[in-house]
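Each chain, written out:
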Amino acid sequence: MKSKLYSIIMIILAATIVACEEYLDQENPNRVTQDSFWSNLDETDRTVTSVYNAMLNHYVTAGQWENHRSDLTSPLNNRNGNAVNANNELWYSHTYNASTRQISNRWQAWYTVIQRANQAISGLENLPDEVKELNTVEWNSQMGQAVFFRGLMHFYLHSNFNNGRIIIRDNNILGEEFNSSLSSSEEVLAFFRNDFKRAYDLLPFEYAEAGKSVGRVRKGAAALLLAKSYLYENQYDSAITVLEDLIDRKAEFGFDLLTGDDRLYVYGTTGEHNVESILEITYELEGEELLRFHEAASHNRWARFHSPGANRNNNSISFPFGGGSGEVTMSAWLAYAYKNEEVDAVTYGNRIVSLRAQAMAALPMDTFPGYYGQPIVANAASFNTRTVGYFRKYSNWDVLENELDNVRGENWYSDKNVVLYRFADAYLMLAECYAQTGDAQKALDLINVIRSRWELVLRGTDVSGTGGTYDGEAYTPEMVMDTIMYHERPLEIGLDGVFERVNDLRRWGVAGERYQALSEEDWWVEDLQTAYPTITAFPDLTGCVIMKGTAPVDATKNVVEKEFQDAALKFASEPYGYFPIPETELETNTSL
């Protein structure tokens with residue numbers, strides 16, 4: 001069910017389109033004049049809603065391209081030596097630079113959100129005192145939302161551009177104020193952290209108005225991002241204080257881990273705005289008329305790129321399921337890790353892959369909970385060109401048989417929401433803090449909360465006597481960090497956040513060695529029926545089950561191209577991971 005927030009967004013969007021020509025004729029469309037001051041909280045709320053509207057821009061998250069910059073994905077055709085789509089290759093090979101269009105668009109998209117947030121903040125600050133005093137709760141919630149998103153965008157800019165030296169925009173741009181100089185990384189950090197603190201103080205745990213909490217940012221989101229700002233700077237004690245409170249008071253904050261059947265739809269369209277989702281971008285197709293590449297539209301294009309293509313690899317029959325372009329597929333190591341997660345045989349039974357793999361991934365040997373209307377993933381997805389896995393996130397796998405089956409009839413249009421942060425992240429962040437401060441057992445306890453809900457073998461030993469199946473390892477803090485970095489975070493929340501996986505590898509100081517190690521791995525693929533001869537329901541798909549090591553002599557045709565070759569070279573020669581200031585900003589901002 002979509003939030004009524006969308007209806008407000010569409011009203012604002014319609015007004016924006018009608019006024020487009022007048023807007024473009026203005027000398028400075030962002031300039032605030034006496035005539036544009038807000039007079040009541042209904043008007044400021046519409047401005048706050050326009051901030052959410054700005055979050056719909058694809059370049060706010062840039063999922064298709066940014067995922068290829070990480071160690072989680074591989075572009076279509078990469079594994080068989082064929083040419084990769086140029087846009088995907090740019091990111092997979094890390095050959096982008098200051099003139100790359102997508103980098104400029106990201107910079108602009110984030111600052112657009114900031115500008116709208118500043119407009120809302122200015123409007124709220126300049127309301128008559130009697131209006132503020134009449135409804136303090138509403139004024140606080142609107143101000144909390146505005147400062148949260150302003151802080152969030154500065155956080156993204158700080159984490160991804162120019163080693164954190166970016167422009168702080170803390171008010172409406174007036175005339176020459178647009179030409180602002182760069183601030184130091186420390187100044188930017190202090191600025192957005194203060195916004196997160198203020199948002200935490202102002203935002204409610206839940207909104208009093210029925211349904212308003214769906215799609216609106218709440219106190220828990222501010223807590224998570226404040227803790228993340230501490231974690232990114234290795235300020236573990238401060239992060240622990242915030243995260244322990246968030247988890248201990250999860251009922252009051254209104255968040256929890258999904259369990260039961262709901263856990264399988266953590267990235268399902270039917271599971272949107274669930275109790276585990278802390279921050280989620282709401283999209284909608286109903287009433288949408290803007291074209292596919294319009295960045296103010298209420299739809300997104302991500303399902304096209306993350307969904308499997310429509311042709312089966314072993315015959316010429318028209319294959320009606322999936323309906324995407326399949327340009328974002330799983331890297332070999334990630335598909336292998338999902339395939340081989342060790343389940344608790346006592347509780348889980350004899351299913352082929354883990355519950356976590358079923359919720360997060362679409363692997364050819366998966367038989368539950370279904371995929372594009374088919375009970376077996378291999379019957380719904382094309383695993384050609386040695387494709388070994390797809391992501392369920394971003395696709396409408398649980399409500400459509402084909403991405404063409406939406407109201408627009410094209411796979412360029414999707415109303416699948418984008419989950420930015422989940423409550424599971426709080427557990428893994430706190431586990432990292434404990435591991436980094438030397439408490440391996442506390443870290444394992446949190447990791448095992450997550451693994452338990454997926455019915456996986458738990459890590460360590462049963463020191464508390466609560467029972468369960470454990471791996472029996474004597475984990476040191478360093479071993480715990482390894483499992484967080486290379487297994488738990490990527491398999492649990494790998495595609496969440498904004499550019500988070502690359503930022504994680506960089507802040508841990510392991511990016512170079514990580515890409516180098518992956519570039520040296522040998523992989524091959526086995527035929528589905530050969531790998532699982534007892535499963536008679538499986539179709540005869542060739543070369544889709546990922547295997548590690550040197551391929552048998554008679555299977556050399558199924559050798560997978562080595563991955564991350566360019567990334568290994570890039571990160572070996574320079575501390576890659578930050579974007580440069582875009583050329584478009586350098587050309588127009590006279591203060592740079």
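Here the structure is a predicted model, which is why all the values come from computation and not from measurement.

Participant: Account for the confidence of the model for the chain, with residues named and values stated.
Facilitator: Predicted confidence across the chain gives a mean pLDDT of 88, with 88% of residues reaching 70 or more. This stretch, residues 11-35, has a pLDDT under 50; its non-local contacts, to residues over four places away or in other chains, come to 21 contacts.

Participant: Go over the environment of Ser141, please, and point to the residues and values.
Facilitator: Summarising the element assignment, Ser141 is placed in helix H9 (residues 136-160). Of the residues examined, Ser141 reaches a relative accessible area of 4% and is grouped as buried. Sequence separation of Ser141 and Asp45 is 96 residues, and the distance between their C-alpha atoms is 9.7 Å.

Participant: How would you explain the packing of aromatic side chains if you had to name every residue and give the values?
Facilitator: On inspection of all chains with the given rule, the structure shows 36 aromatic pairs. A centroid spacing of 5.9 Å and a plane angle of 65° characterise the contact between Phe192 and Phe196, whose relative ring orientation is edge-to-face. A residue pair is termed a helical-turn pair when its members lie 3 or 4 positions apart in one helix, as Phe192 and Phe196 do in helix H10 (residues 185-202) at four residues. Judged on exposure class, the residue Phe192 and its partner Phe196 are both buried. Geometrically, the ring pair formed by Tyr265 and Trp397 is stacked, given 5.5 Å between the ring centres and 10° between the ring planes. Of the two residues, Tyr265 is situated in the loop between helix H13 (250-253) and strand E2 (277-281) and Trp397 in the loop between strand E5 (390-391) and strand E6 (418-422); the sequence distance between them amounts to 132 residues.

Participant: I'd like to hear about the pattern of salt bridges, residue by residue, with values.
Facilitator: Side chains bearing opposite charge may pair, as long as their charged atoms lie close to each other. In the structure shown here, the tally under the stated rule is 36 salt bridges. In this structure, Glu341 engages Arg451 in a salt bridge whose closest nitrogen and oxygen atoms are separated by 3.9 Å. Taken together, the residues Glu341 in the loop between helix H15 (332-339) and helix H16 (345-348) and Arg451 in helix H19 (residues 440-453) connect sequence positions 110 residues apart. The exposure class of Glu341 is buried, given its relative accessible area of 8%. Arg451 sits in the buried class, given a relative accessible area of 5%. In this structure, the salt-bridge partner of Lys393 is Asp496, at a minimum N-O distance of 2.7 Å.

Participant: Account for the sheet that holds strand E8 (residues 545-548), with residues named and values stated.
Facilitator: Taken in spatial order, the three strands of this open sheet run E8-E7-E9, and their pairing is antiparallel. Each edge of the open sheet is held by one strand with a lone partner, namely E8 and strand E9 (559-560). Note that strand E7 (residues 523-526) and E9 share two bridges and pair antiparallel. Bridging from a neighbouring strand, Trp524 pairs with Val559 of E9.

Criteria and cut-off values
Residues numbered from 1 in each chain as written. Predicted model: local features only at pLDDT ≥ 70, side-chain atom pairs only at ≥ 80, totals over all residues. Heavy atoms only, no water. pLDDT = per-residue confidence, 0-100. Contact = heavy atoms within 4.5 Å. Helix = DSSP H or I, 4+ residues; strand = E, 2+ residues; numbered from the N terminus. Buried < 20%, exposed > 50% of the residue type's maximum accessible area, 1.4 Å probe, protein only. Phe/Tyr/Trp six-rings, centres within 6.5 Å; stacked < 30°, edge-to-face > 60°. Salt bridge = Lys/Arg side-chain N within 4 Å of Asp/Glu carboxyl O. Pairing = 2+ DSSP bridges.

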